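Inside the fold
Below, each chain spelled out in residue letters.
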Amino acid sequence: MEKGKLIEFRLHGERRLAITERPDGKKNWVVVEENGQSHSIPPKQISYEVAGEGYKSSEIPKFLQEVETYIDPSSIELAWELLVEESETVNPEEMALLLFSEQTPAQCYAAYILLSDDKLYFKQKGDRYEPRPVAQVGEIKHQQEVQKQKQQELENFLLRVRNRLAGEEVEWQPSDYNRLDVIEKLATYGEEASNRTQAMDTLGLLELPETPEAAFQLLMDLGIWSEHENLFLRRSQIPKHFSTKVLEVAQSCLQFPPPDPDTNRLDLTHLKVYTIDDESTKEIDDGLSIEFLEDDRQKIWVHIADPTRLLTPGDELDLDARRRTTTLYLPTGMIPMFPSELATGPMSLIQGQICSALSFGIILDESGGVVDYSIHASLIKPTYRLTYDDVDEMLQLKIQLEPEIHALDQWAKQRFQWRQSQGSISIYMPESVIKVEGEEVKVEVLDDSPSRQLVAEMMIMAGEVGAKYGQKHDIPLPYRSQPQPELPPEAELILLPAGPVRSCAMRRCMPKSEMGIIPARHASLALETYVQITSPIRRYSDLLAHFQIKAHLRGEELPFSRDQMQEIVMSLVPAVKEASSVERCTNRYWGLEYLRRNSDEVWQALIIRWLKEEINLGLVLLEELGLELAMRFGRSVNVGDRIEVKVAHADPRKDEVIFQEVITTVAEAAAN
């Protein structure tokens, strides 16, 4: 290397021209750019040496002007076409001769620029450049075109987003949905989102913070999500919609019902059948009757809706219901296990219509124990569609026009006492139902009313009978069981205030119920064997029990072997847990939203237990709302104390609520 050489070097990837000034140490050279700025660079940083010597930095602009006259990107394609057939390699000097018929320093440097900038036709091999094969050039061209199209789609997408944010109506294109989907995933899963980088890049291009919160806000501003988008549901594996195929099968069932596999149904249409539910319930899956026998005995009939009348194990509807596992009940509405047209139509027990059912005829002894039972695929005709309030009123007023209701109530009380004698554990905590209707949030506390106790006892009894039948005939069913809890000693419980405080202490000791194919004792129900069987429209485990028992009643091979049943039950357990979690979290969200909207209200709070007594953190029950929430107290309090509180802060999205105690002075109390 000599002084006065014109060289090209790269600085931060940028092409620079400079004149060599003097050596700097053993290897480096000090070079000077046209603006007089000097650099010390090693030889490896030099990317090209222009022919000739004695250059001055002031000559660089003129040299570049001359080079610019030879830069024509289209000429590189012409050179490739001439060289590709023979696969001839070239260096910049040879390329200059091919393109310009001369080899001046400016022409050679221009040829070098064309070759080094080209990413399509030539690839560098040492100091020479080799023409790429025709097929490879075609593939690169295709990739470049695809990339160009993607870039154009991105720019168009960003334009539509900006227009929508400005209040204009836009029509989203098919290519937009993938980009919106990755933004939704970032808003839903945060740091764990797939394609998180792509979503953050899009937010950056829109000059928005690259955060999940910003993604959520963007989706709201675009009108794609609402302020109260259910992220718990979005994070779950629960299907939100029915596939076209399932809906088509449902329509076919409505128009052309399949043949009934139970051709010898027991005709019970002469019985008076009561269905008792909440007024809003659309899926009516159980009804009750009393049959007065000639020997003065009474037979209780529990009729359960028979959706398996329309299903075959393993068909499209059955497998879809298995994937869903359960009907999901959310404040904003339910996500049914079956398409609504079926669930509220031919699957339900509809007043005044002849309906297929699985009926349990049960005779109890005087103490309330089961002495005889039979199970039948049946036909019934529901007589009355009653609400819990209707039945409570009939019982309270002792209306004698429906003696069957009073008889059922007496047997329900007898059953409750019988289970108590067997060691049942009753824990009652206020339970709320939260409903969102339009912009309004409603919270209703369910009373432990006689009508609800009546229905609950009848359903538990049917579950006991179904399990007895399965156990007697060795039928693999999804049995429910619960280990015996270790409750606090009676002397300890008696010191706690009766009601929610005591119930809370007992609840903490209760082990979770379990599902398996082997009959086992259910401790809190005090039953030696039990299976949930009374909600086959809403719980897949109940549907499984129906499939198995009905096949056995017909004398047919069971649709599910022991191994198959075990496998299905194992798959149901995590799905049921996930559905329960979504319901619980969604209810909590709307409970906090209700409190946020009613932050001026004063609530009666009962302190039911300590969470961390050392920091004065306890669990309070807002009895008017049936909500249990954490609160840190600003003074010394005791479990069982009742205090008045207001909401100081509530953020449902962050799952935060802070209460402040309302202290009423003696003067204020007297004034009130």
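All figures in this text were calculated on a predicted structure; none of them were measured in a lab.

This part takes up the overall build of the protein chain. If you tally the helices and strands in the protein chain, you get 20 helices and 25 strands. A globule of 672 residues ought to have a C-alpha radius of gyration of about 26 Å, yet the protein chain, at 39 Å, is considerably larger. Dimensions of the protein chain along its principal axes, counting C-alpha atoms only, are 125 × 75 × 50 Å. Classification of the 672 residues of the protein chain by burial places 46% in the buried group. When the accessible surface of the protein chain is totalled, it reaches about 34900 Å², and 48% of it is carbon and sulfur. Looking at charge distribution, the protein chain has the averaged site of its 73 positive side-chain charges lying 3 Å from that of its 111 negative ones.

One open sheet holds the five strands; their spatial order is β4-β3-β2-β1-β5, and the pairing between them is antiparallel. Since the sheet does not close on itself, it has two edges, and those belong to β4 (38-41) and β5 (46-49), each with one partner. The mean angle between the axes of side-by-side strands here comes to 40°, regardless of whether they run parallel or antiparallel. For strand β1 (residues 6-11) and strand β2 (residues 14-24), the ladder comprises six bridges, and the chain directions are antiparallel. Opposite Leu6, over in β2, you have Ile19 as the bridge partner.

With 15 residues, helix α18 (residues 540-554) ought to run about 21 Å at 1.5 Å a step, and its terminal C-alpha atoms sit 21 Å apart, in line with that. Counting buried positions along α18 yields 12 of 15 residues, so the element is predominantly enclosed. Those residues of α18 lying buried are Tyr540, Ser541, Asp542, Leu543, Leu544, Ala545, His546, Phe547, Gln548, Ile549, Lys550 and Ala551.

Time to look at the sheet that holds strand β23 (residues 627-632). Spatially, β23-β22-β21-β24-β25 is the arrangement adopted by the five strands of the open sheet, whose pairing is antiparallel. The sheet terminates laterally at β23 and β25 (656-661), the two strands that pair on one side only. Averaged over all adjacent pairs, the angle separating strand axes in this sheet is 45°, with direction ignored. The sheet contacts of helix α17 (residues 500-507) involve β21 (603-612), β22 (617-622) and β23, and relative to β21 the element is tilted by about 30°.

Definitions and cut-offs
- Residues numbered from 1 in each chain as written.
- Predicted model: local features only at pLDDT ≥ 70, side-chain atom pairs only at ≥ 80, totals over all residues.
- Heavy atoms only, no water.
- Helix = DSSP H or I, 4+ residues; strand = E, 2+ residues; numbered from the N terminus.
- Rg over C-alpha atoms; globule rule 2.2 N^0.38 Å.
- Buried < 20%, exposed > 50% of the residue type's maximum accessible area, 1.4 Å probe, protein only.
- Areas by Shrake-Rupley, 256 points an atom, 1.4 Å probe, with all protein chains shown as cover.
- Lys, Arg positive; Asp, Glu negative; His and termini not counted.
- Charge placed at Lys NZ, Arg CZ, Asp CG, Glu CD.
- Pairing = 2+ DSSP bridges.
- Axes fitted to C-alpha atoms, helices over the stretch in contact; angles between N-to-C directions.
- Expected span 1.5 Å × (residues − 1).
- Contact = heavy atoms within 4.5 Å.

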